[in-house]
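If you want the building blocks of each chain, they are given just below.
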Amino acid sequence: MSTPRPPARRSKLDLDPVTVRKARSLARQAGRPIVDLAQKHTTVSVERATLRLAGLSGADPDGTPWVNRLLDAVRGDVGIEHGVALPVWDALVRGEAEDLETLAQKASAGSVRFRLPEGRDLTRARSAATRQVGAGIRRMDARRRERERLVRRYGDPQHQPWIYLIVATGDIYEDMPQAQQAAREGADVIAVIRSTGQSLLDYVPEGPTREGFAGTYATQDNFRLMRAALDESSKRLRRYVRLTNYASGLCMPEIAALAGLERLDMMLNDSMYGILFRDINPVRTFVDQRFSRQVHARAGIIINTGEDNYLTTADAVEAAHTVTVSQLLNEYFAKEAGLEDWQLGLGHAFEIDPDLPDSFRMELAHAMLARDLFPKAPLKWMPPTRHMTGDVFRGYLLDAFFNLAGVLTGQSILLVGMMTEAVVTPWLSDRDLALQNVRYVMNAAGSLHEDFRPAPDGFIAQRARQVLAESIDLLERILAHSSNAGLLDAIADGTFGLMKRPADSGRGLEGVARKAPGYVNPATDLLEAP
Amino acid sequence: MNDTVVSPGPIVRPYGDTTGDGMVQVSFTLPIPHSKVAEGAAAQLAAKMGIEPALVVHAKPMGPGFTFFVVYGRVNHLVDVSAVQVVERDYPLLAAKEVNLAIRTGLRRRLVVVGACIGTDAHTVGIDAILNIKGFAGEKGLEYYRELKVVNLGAQVSVPRLVERAQAEKADAVLVSQVVTQRDAHVSNTKQMSAAFREAYPSHRRPLLIVGGPRFDESMADELGVDRVFVRGTTPGEVASYLTHQLVTRRAR
């Protein structure tokens, strides 16, 4: 199977199954109203993702993608609350243009009027849309089968956790050799960090890109180029090297679709990250997130959630339970959208102040709690950033303890920490030293987790139980909020990561529409079909 | 009780384990495959850096075309401490209570601080460490000060929006954090920001402009067009004290 499978073992913390069930049930209760909300709305990005699945790509001479051009024209004529599919394929069926791109061109020149078809026109538009969007989904299915074939041919890494390395030059043509070099040096997963500005762009840039800030733009061409480069590496190294990018920000659904079409293997996709850290409107995020997760589920992509981020703004000890709550919510939202356990790369991080007494024991407690709560999930273990001070020597030591905690608690995906975190973007030598660190710990400690069992009522077990109890308290407080969508209120009043994000503000709100009766989206229909 | 410390003269050299030994340690990568020649090349570079004799203690191939070196050696440069120029703290460090009292009596209203990360920079770590009540290094952030009104605009704020909000809030001071430094974005963003404020305000009404980030140099304030640059390790208390000094104490005089 194409997932880093956690080592088979019994729960080590002896968590009370009734408490664990209660935590899950509370997360479900908190998440359910959000799912209802998501089902009642659509967004410009969901509609554009539908057009992308139908095969529309490319951009006008100014670089505005045709999906944006076409969507804006439809929106101007009939709005998006009925979905983009009916008016667009009605125009195609009427013969306004022979294909989507021509239609987009004509529409942006103002020479097409869109309408909402009725009766037989509606049926014809709907079946034409379903046919074309269905072809895109079948293309995604083919890419998934292709991945499964390559994994069978080249095999998965022999070790646990999988080694995850980041590449970020801003230039895709620099990224490719760097990623191949990282794979040669032992990386199992390559993540191409995005340019910092991208999450707030309400369009997906086009073409191969060579200019980015602290990262490289996520574009369909960049995805394709990097996947091809790593396919080459996989062939040479005789192991399948996975590729990761980010389905986040205002274009989350579209990027998810492009990832499915270009056979990316993992996508960062958190349920609340954009709200908390990018001030994206909560409704926009939850609608986009649900659609993107449906796409990931279908494409066989492993999602990585972003709980590590809470600990970069809030204290890692005091806020440990917010990580657990977010993991539980991410799990609920993910499963509701059709993802399976093996696709849930729930995140957490090694961010406790190293000057605190017993900091490592607490790290172990938190990491084991995640492992025991989500025994089948490929957990993603994130390195220290907040207490990396610029003292690279101390940083190297801290990263070694991070690696040890990862091995000792059976984490599945290990993001390699750099001693130059907070100093420079990693140098060639930083990456090599970091990999030596990981390899040393994995060689030296290997299957130490088999021997490691915390005392039943010792510090670690008690700390884990305490965090779980605090998580349940927090979930109960969320549910006690006045309105029935208590989670939205909790986000509004700063429960997560200390950021206050009211549901009626934030970026991208203008791109949200309440679905009208008769809303049609063939992509959602096909993705939700049993 | 007191250790006897020999007060160092104005001229010093690095200290390994003996006064005056001048020992330093550096590491670097050269884009050549590992060989005896590569090690010689590392020694040559060290010599050009003033490290002589240089001991190449570690050389490791990194990928096909690169070698990583660790070099120890005696550096033949001297440091003249009397010629060092730094920005010394030119304001008194106040406790939160003292800041509140000074503002209350000196300004008779709350002092308004607007903060943001500008440009494409999404790293709010710095601005949050200074502004969020949570604070940094055991000190509470500016939100904790009763007499400070803090408006944290968060990440990726455009310069026009920052100016607009500063005007709407009648900001006394604007704090900008810049972490991302690729292609010197922190410098160009800051210059753009200070120019926009100069354009939008008459000079005597302009809010105090403060920029902070790990890769700024304190002496860059004039070049950047800001009133103050804060660097790595700055605490909220220092920022609050500076604000009080500039906007309350000095203005009252």
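Report follows, based on the coordinates.

Reading guide: rules and limits
Residues numbered from 1 in each chain as written. Chains lettered and ligands numbered in written order. Predicted model: local features only at pLDDT ≥ 70, side-chain atom pairs only at ≥ 80, totals over all residues. Heavy atoms only, no water. Buried < 20%, exposed > 50% of the residue type's maximum accessible area, 1.4 Å probe, protein only. Helix = DSSP H or I, 4+ residues; strand = E, 2+ residues; numbered from the N terminus. Pairing = 2+ DSSP bridges. Right-handed = clockwise from strand over helix to strand, strands pointing away. Phe/Tyr/Trp six-rings, centres within 6.5 Å; stacked < 30°, edge-to-face > 60°. Lys NZ or Arg CZ within 6 Å of the ring centre and 35° of its normal. Axes fitted to C-alpha atoms, helices over the stretch in contact; angles between N-to-C directions. Core = buried A, V, L, I, M, F, W, Y, C linked by side-chain atoms within 4.5 Å. Contact = heavy atoms within 4.5 Å. Buried area = accessible area lost by both parts, 1.4 Å probe. Salt bridge = Lys/Arg side-chain N within 4 Å of Asp/Glu carboxyl O. Nonpolar A, V, L, I, M, F, W, Y, C, P; charged D, E, K, R; others polar.

1. Looking at the pairing of strand β4 (residues 242-246) of chain A
Successive side chains on a regular strand alternate, one facing one side of the sheet and the next facing the other. Residues and elements named next belong to chain A. The buried count for β4 comes to five of five residues, which makes it a mostly enclosed element. In β4, alternate side chains face the same way, and those of Arg242, Thr244 and Tyr246 on one face and Leu243 and Asn245 on the other are all buried. Pairing of strand β3 (residues 189-192) with β4 involves three bridges; the strand directions are parallel. Within β4, the position partnered with Ala191 by the bridge is Thr244. Taken together, β3, helix α8 (residues 220-237) and β4 form a β-α-β motif whose crossover is right-handed. As paired strands, β4 and strand β5 (residues 266-268) are joined by three bridges and run parallel to one another. Paired with Tyr246 across the two strands is Leu268, which belongs to β5.

2. Side note on the packing of aromatic side chains
In the structure shown here, the tally under the stated rule is twelve aromatic pairs over all chains. Ring geometry for A:Phe286 and A:Phe333: centres 5.6 Å apart, planes at 45 degrees, overall tilted. With A:Phe286 in helix α11 (residues 282-299) and A:Phe333 in helix α13 (residues 320-336), the pair connects residues that are 47 residues apart, well separated along the chain. Here A:Phe286 matches A:Phe333 in class, with each residue buried. Ring geometry for B:Phe28 and B:Phe69: centres 5.8 Å apart, planes at 45 degrees, overall tilted. Taken as a pair, B:Phe28 in strand β2 (residues 23-30) and B:Phe69 in strand β4 (residues 67-75) lie far apart in primary sequence, 41 residues in all. Of the two residues, B:Phe28 and B:Phe69, neither departs from the other in class, the shared state being buried. Taken together, the ring pairs in this structure connect A:Phe350, A:Phe360, A:Trp381, A:Phe401 and A:Phe402 into an aromatic cluster. Across the ring face of A:Tyr154, the terminal group of A:Arg153 is positioned such that the distance to the ring centre comes to 5.8 Å. Across from the ring centre of B:Tyr144, 5.9 Å away, lies the NZ or CZ of B:Lys140, which sits over that ring.

3. Re the sheet that holds strand β10 (residues 228-230) of chain B
Residues and elements named next belong to chain B. The five strands lie next to each other as β7-β6-β8-β9-β10, forming an open sheet whose pairing is parallel. The open sheet has two free edges, formed respectively by β7 (148-152) and β10, since each of these has just one partner strand. In this sheet, neighbouring strand axes are inclined to one another by 20 degrees on average, regardless of whether the strands run parallel or antiparallel. Pairing of strand β8 (residues 173-177) with strand β9 (residues 208-212), which is carried by five bridges, proceeds in the parallel orientation.

4. Some words on the nonpolar core
Grouped together as the largest cluster of nonpolar side chains are 171 residues, with contacts concentrated most on A:Leu70, A:Val88, A:Trp89, A:Phe114 and A:Phe496. Among all residues touching A:Leu70, those that are not within four sequence positions of it are A:Leu51, A:Leu56, A:Val88, A:Leu100, A:Leu103, A:Ala104, A:Ala107 and A:Phe114.

5. With respect to the interface of chain A and chain B
On the chain B side, the residues contacting the 30 residues of chain A number 22 residues. When chain A packs against chain B, the two sides together hide about 2,200 Å² of surface, and 50% of this comes from carbon and sulfur. Considering only the surface of chain A that becomes buried against chain B, A:Thr196, A:Phe213 and A:Leu428 emerge as the three largest contributors, covering 21% of it. At the junction of chain A and chain B, the tally comes to one salt bridge. With its nearest N and O atoms 3.0 Å apart, the salt bridge here joins B:Lys60 to A:Asp432. Broken down by element, the residue count for the side of chain A that touches chain B peaks at five residues, all from helix α16 (residues 428-445) of chain A. Taken together, the residues of the side of chain A that touches chain B sort by class into ten nonpolar, eleven polar and nine charged.

Interpretation note: all reported values are geometric properties and have no functional meaning in isolation.
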